[in-house]
Amino acid sequence: MAVFTPLSDAQVAAFLEKFDVGQLQTLEGVAGGTENSTFFVTTDQHLLVLTLFEQGEHEELPFFVDLLDYLDEHRLPVPGPVHDRDGIALHSLADKPALLFPRLPGRHPEAPNLIQCQVLGDTLGHMHAISQHFPGRRPNPRDLHWLQAMHHKVLAYISPADQTLMKDEIDEFESVFSQYGELPQGALHGDLFRDNTLFDGNQLGGMIDFYNGCTGDLLFDLAIVINDWASDENGHLDRERYDTILNAYQARRPLNSDEQAVWPVMLRMTALRYWLSRLLVVYVDPPAHDLTPHDPQRFETILKARIAQGALPLPEVTP
Ligand SMILES: Nc1ncnc2c1ncn2[C@@H]1O[C@H](COP(=O)(O)OP(=O)(O)OP(=O)(O)O)[C@@H](O)[C@H]1O
Ligand SMILES: N[C@@H](CCO)C(=O)O
């Protein structure tokens, strides 16, 4: 379950009075998710989602609201936060920051088909073409500096060979990225796994859970997507999904020559980013609840597959 703060119907009905969304009909806790409390709220006019923020940097919530507002205004499929009659989106409920969203249609695709991959690549490319102009700023909290600073904390929990691998990889990332200037920048989703998308058939109902959203290298976002969406059970890249996502993305935003040059290393860096973040959750900073943490080994496997597979060529951009 992912309701850490239970709410009563009366609390939610009173909360909804600030908004022009109608009267509460039903309130249901959502089982998915591990970080925030999520509720499906039905009124006589709308299907809504209510999120209470249980952890994280609450002072960063205005950035997420601004980013979602911006993408929503540009007609990207995201849940634009509902604003109250005074134009305010961010409120407090049960002493927790709270946001209300439209409920978007669809389910998380476990085994995405090639049409879904095409739609996702196209939408991410569209989002990045737009998000380059987003005026907000939140430096990427999971970039190379974070890897350098945090990897020491997990070394004691992994094998000597993996310790060497992790340290060597980070040295290699540092060396490669220092040879290039700044890559194209913009706002990122920062965690666009399959379970942060909703597909209604082949239609993308929405990209959700923007709480890793930040500004930085757009390529970082694309590499996260490829590692999650296009890896087979052995961590190897599935060529059809890989080509489909990248072709659709590049039709919206072709990668420049520096991005093409660092691409294989960016795939490895984002794989290591999740290997490390998952190890930190399991060994160093476990959450108070007893939900099963994500498996770090999945991203160890993906990293090793990227190293073994070498630089899988980017598909040719068709003009
Ligand atoms: N706007 C929305 N429309 C439809 N369903 C939603 C929406 N927002 C959230 N959900 C549902 O609620 C679940 C939990 O939401 P969310 O991913 O934001 O929670 P979380 O605790 O931050 O999760 P995570 O563990 O992925 O970080 C989602 O997996 C999805 O099923
Ligand atoms: N998507 C993340 C969890 C949420 O940040 C992971 O799979 O480790």
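Residues numbered from 1 in each chain as written. Chains lettered and ligands numbered in written order. Predicted model: local features only at pLDDT ≥ 70, side-chain atom pairs only at ≥ 80, totals over all residues. Heavy atoms only, no water.

As recorded in an unreviewed UniProt entry, the protein chain goes by the name Homoserine kinase, listed as coming from Vreelandella azerica. Of the protein chain, the UniProt comment under Pathway (unreviewed entry) reads exactly: "Amino-acid biosynthesis; L-threonine biosynthesis; L-threonine from L-aspartate: step 4/5." Comment text from UniProt for the protein chain, heading Sequence similarities (unreviewed entry), reads "Belongs to the pseudomonas-type ThrB family." (UniProt positions renumbered as here; feature names shortened; annotations may be inferred.)

Peer 1: Mind showing me how you'd approach the site of ligand 1 here?
Peer 2: The environment of ligand 1 is formed by 18 residues, the closest being T34, E35, L104, H108 and D209. In this structure, an oxygen atom belonging to ligand 1 sits 2.9 Å away from a side-chain N or O atom of H108. Burial of ligand 1 by the protein chains amounts to 89% of its free accessible area of 620 Å². In the shell around ligand 1, the residues fall into 8 nonpolar, 7 polar and 3 charged. Here the shell around ligand 1 spans two domains, since at least three of its residues come from each of domain 1 (9-102) and domain 2 (114-309). (Near = heavy atom within 4 Å. Polar contact = N/O pair within 3.5 Å; in protein donor to acceptor, adjacent residues only side chain to side chain. Areas by Shrake-Rupley, 256 points an atom, 1.4 Å probe, with all protein chains shown as cover. Nonpolar A, V, L, I, M, F, W, Y, C, P; charged D, E, K, R; others polar. Domains from an automatic or database assignment.)

Peer 1: Honestly, the side chain of T197 in this entry has me stumped. Any pointers?
Peer 2: Secondary-structure assignment places T197 in strand β7 (residues 197-200). Residue T197 is classed as buried on the basis of its relative accessible area, which comes to 0%. A distance of 2.9 Å separates the side chain of T197 from the backbone oxygen of R194, its partner in a polar contact. When neighbours within four sequence positions are excluded, T197 is seen to be in contact with R107, H108, P109, L120, L192, L204, G206, M207 and W229. (Helix = DSSP H or I, 4+ residues; strand = E, 2+ residues; numbered from the N terminus. Buried < 20%, exposed > 50% of the residue type's maximum accessible area, 1.4 Å probe, protein only. Contact = heavy atoms within 4.5 Å.)

Peer 1: In this structure, what is going on with the site of ligand 2? I would like to understand it.
Peer 2: Lining the immediate surroundings of ligand 2 are E35, D191, F193, N212, Y274, R278 and H294. Note that a nitrogen atom of ligand 2 is positioned 2.8 Å from one of the side-chain N or O atoms of D191. A distance of 2.6 Å separates an oxygen atom of ligand 2 from a polar atom in the side chain of R278. Contact with the protein chains covers 85% of the free accessible surface of ligand 2, which is 260 Å².

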